[in-house]
Amino acid sequence: MPLSPLDIHNKEFSKAFRGYQEDEVNEFLDQIIKDYEILLKEKKDLEERLKQTDERVGHFTTIEGTLQKSIVIAQEAAEEVRRNSQKEAKLIVREAEKNADRIVNESLTKARRIAMEIEELKKQSKVFRNRFKMIVEAQLDLIDTDDWESLMEYDVDTTTLDKLEDNNEDYRP
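Residues numbered from 1 in each chain as written. Predicted model: local features only at pLDDT ≥ 70, side-chain atom pairs only at ≥ 80, totals over all residues. Heavy atoms only, no water.

Per an unreviewed UniProt entry, the recorded name for the chain is DivIVA domain-containing protein, and the organism is Planomicrobium okeanokoites. Under the UniProt heading Sequence similarities (unreviewed entry), the entry covering the chain gives this text: "Belongs to the DivIVA family." (UniProt positions renumbered as here; feature names shortened; annotations may be inferred.)

Put into structure tokens, the structure is as follows:
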């Protein structure tokens, strides 16, 4: 067990012949007691400061742990948000691709239908042209026949028609 200032003060030395001078030894012991008391007081102060520092370090360690947990949680949340964003982006892309495929397929179907309608219209126009050509040729053939010449030579007696007209008036009520 360490010495206390009281232990130093109460220490008795035996007297011997030709020993140290008692007053000098007592003065020296008084100085040691004072220095020892100062050292003990400083030690006590340092221990108190160490205790406070330990408490603060413990507090800061707790804060550090809490901050590290918070950082880990924030990182996990950010990772989760990133994963969800990627999933959502993939879903949007898939949906867009499906819509694009549908639009392309509908457009191709429409284009095929229109192409078929165009071909049908071409066929109908050829048929119409051929029929119209036949009608025109038939009419030209009629015009070129000799019947027109005979019609031009035919004379109508208008006097007979006038008489018939007069007779019809008589029978009218």
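**Structural notes on a negative patch on the surface**
A cluster of acidic residues, Asp-23, Glu-24, Glu-27 and Asp-30, forms a negative patch on the protein surface. Mapped onto the elements, Asp-30 comes out in helix H2 (residues 22-144). (Patch = residues over 30% accessible without salt bridge, like charges linked within 9 Å, V, L, I, M, F, W, Y side chains within 5 Å. Areas by Shrake-Rupley, 256 points an atom, 1.4 Å probe, with all protein chains shown as cover. Salt bridge = Lys/Arg side-chain N within 4 Å of Asp/Glu carboxyl O. Lys, Arg positive; Asp, Glu negative; His and termini not counted. Charge placed at Lys NZ, Arg CZ, Asp CG, Glu CD. Helix = DSSP H or I, 4+ residues; strand = E, 2+ residues; numbered from the N terminus.)

**Description of the UniProt feature "coiled-coil region" (unreviewed entry) in the chain**
With numbering matched to this structure, UniProt assigns "coiled-coil region" (unreviewed entry) to residues 29-56 and 86-124. End C-alpha atoms of residues 29-56 are separated by 40 Å, and the span's content is 100% helix alongside 0% strand. Helix and strand shares over residues 86-124 are 100% and 0% respectively, and the end C-alpha atoms of the span are 56 Å apart.

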